[in-house]
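Observations on the three-dimensional arrangement
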Amino acid sequence: MISYMQMEKEILNLIKTSLRILIITHVNPDGDTLGTASALKSYIGEKADILIQVNDKSLYPKMYEFLPHINSALNFSNVKNEYDLAIAVDVASIDRMIGNARKIFENAKNTIVIDHHKTNKGYGKINYIKGSLSSASEVLYDLFYQEKKEITEEMAKGLYCGILTDTGCFKYENTTPKTFKIASELANCNINTSEIADFCYSNKPKNLILFQNYLVSNAKFRLNDKIAYTLITKEIISKFQATDEFTEGICETLRSIAGVEIAFVLKETDLGIKVSIRSKNLDATKITDKFNGGGHRRAAGCTIKLKNINEALEKLIKQAETLL
Ligand code: AMP
Ligand code: MN
Ligand code: MN
């Protein structure tokens, strides 16, 4: 087993010696994958590009537009297969890279995975994965720390965004004393932390709030309210003209209800039923393991290859019942 210190040396060396570098975010990008990609691009500079995995370049969550380099990132239609180093950030498994992203990653001479998902088995040449850290941004901070290079304002913005969003504003159990220490270091880098929080949380489209309220008011409960869930059909998606980012936060709201141990949000997609799980104490990955998904103890996800959303729901509930 290669040590973290050796990995850090090799990663920093590969970044220095590679000619063209592609940073790849996961599908349905969030604040952590985008913030980490933004900070890494700020660090590397000109020779790095970011690929955001969305079909239409305007379709990443708009609130993250404030992040440096995200507006000029590539998408599936304009990315070329010309990179000697590919770096996946916050991408829990190779399945979370689709289309030409996966091809380019596999074709690159060197590949690096920078991640914090405990279910990540490591699919790169170097797998810099720290399952106990709050966010991929916290993992990247560790790498920068080794380099002993000054964190610029641009880099700090991305890292702070990743940590803030993946810890649910420093609320989740993945928030450690070290997380606060790093946040404090970043806050000293001339960034406006309250403005970043406003970009992330007070800038939502009107339709998103109406959509989320509809889904919360249509939530259902099972097992003496220990299980809460809501179902997002294609019909509801089109009624509210919802994009992927619209679902973010609904599952947390259901979990926040007293007595609820586990919450599910199920969504009809062309690839099957996309499932989000949030738990209070149970290990949610014990459920997603059964459906080829993954994530963290209290936040996990998977896509169940079924067309019928109710059928997928019953399968999930059956699994949850074995844990409750
Ligand atoms: P989500 O509910 O989509 O926000 O996902 C919750 C957590 O589970 C995130 O950390 C995701 O990266 C992870 N996750 C979601 N879907 C998958 C999947 N199919 N495979 C592995 N990890 C996933
Ligand atoms: Mn993520
Ligand atoms: Mn993350």
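Note that this is a predicted model, so its numbers are computed, not measured.

Conventions we followed
Residues numbered from 1 in each chain as written. Chains lettered and ligands numbered in written order. Predicted model: local features only at pLDDT ≥ 70, side-chain atom pairs only at ≥ 80, totals over all residues. Heavy atoms only, no water. Donors = N, O, S within 2.8 Å, 3.2 Å for Na, K, Ca; no water. Buried < 20%, exposed > 50% of the residue type's maximum accessible area, 1.4 Å probe, protein only. Disulfide = S-S within 2.5 Å. Helix = DSSP H or I, 4+ residues; strand = E, 2+ residues; numbered from the N terminus. Contact = heavy atoms within 4.5 Å. Axes fitted to C-alpha atoms, helices over the stretch in contact; angles between N-to-C directions. Parallel < 35°, antiparallel > 145°, perpendicular 65-115°, else oblique. Left-handed = near helix turned anticlockwise from the far one by under 90°. Nonpolar A, V, L, I, M, F, W, Y, C, P; charged D, E, K, R; others polar. Domains from an automatic or database assignment. Buried area = accessible area lost by both parts, 1.4 Å probe. Salt bridge = Lys/Arg side-chain N within 4 Å of Asp/Glu carboxyl O.

Digging into the coordination of the manganese ion (ligand 2)
The protein atoms donating to the manganese ion (ligand 2) are H26 (NE2), D30 (OD) and D90 (OD), with metal-donor distances spanning 2.1 to 2.3 Å. Mapped onto the polypeptide sequence, the residues donating to the manganese ion (ligand 2) form the spacing pattern H-x3-D-x59-D. Separating the manganese ion (ligand 2) from the manganese ion (ligand 3) is a gap of 3.6 Å, bridged by D90, which donates to each. When sorted by exposure, H26 lands in the same class as D30, which is buried.

A few points about the state of the cysteines
Put plainly, two cysteines are in a disulfide when a covalent bond ties their sulfur atoms together. Tallied over the entire structure, the rule returns zero disulfides. The thiol of C169 is unpaired, and the distance to the nearest cysteine sulfur, on C200, comes to 7.9 Å.

Some thoughts on the side chain of Q212
Tracing the sequence through the fold places Q212 in helix 8 (residues 206-217). Setting aside its immediate chain neighbours within four residues, Q212 contacts F246, T247, E248 and I250.

What to know about the packing of helix 5 (residues 153-166) against helix 7 (residues 193-201)
At a closest axis distance of 10 Å, the pairing of helix 5 and helix 7 adopts a crossing angle of 55°. One finds that helix 5 runs oblique with respect to helix 7. Note on packing geometry: the crossing formed by helix 5 with helix 7 is right-handed. For the pair helix 5 and helix 7, contact is made by K157, Y160, C161, L164 and T165 and by T193, I196, A197, C200 and Y201, respectively. Residues of the contact of helix 5 with helix 7, tallied by class, amount to seven nonpolar, two polar and one charged.

Topic: unusual backbone geometry
Unusually for a residue other than glycine, K148 sits at a positive phi of about 55°. Tracing the sequence through the fold places K148 in the loop between helix 4 (136-147) and helix 5. The class for K148 is exposed, based on a relative accessible area of 73%. Residues other than glycine seldom take positive phi values, yet L223 does so here, at roughly 45°. Relative to the helices and strands, L223 is located in the loop between strand 6 (220-222) and strand 7 (227-232).

Notes on the domain arrangement of the protein chain
With domains assigned, the protein chain is organised as domain 1 (4-201) and domain 2 (206-323). Inter-centroid distance (C-alpha atoms) of domain 1 to domain 2 is 26 Å. Summed over both partners, the interface of domain 1 with domain 2 comes to about 1,200 Å²; 47% of that surface belongs to carbon and sulfur atoms. Summed over the three residues of domain 1 that lose the most area to domain 2, namely N28, K118 and E173, the buried surface amounts to 37% of that side. Applying the counting criterion to the domain 1 and domain 2 interface returns two salt bridges. The shortest N-O distance in the salt bridge between K118 and D283 comes to 3.1 Å.

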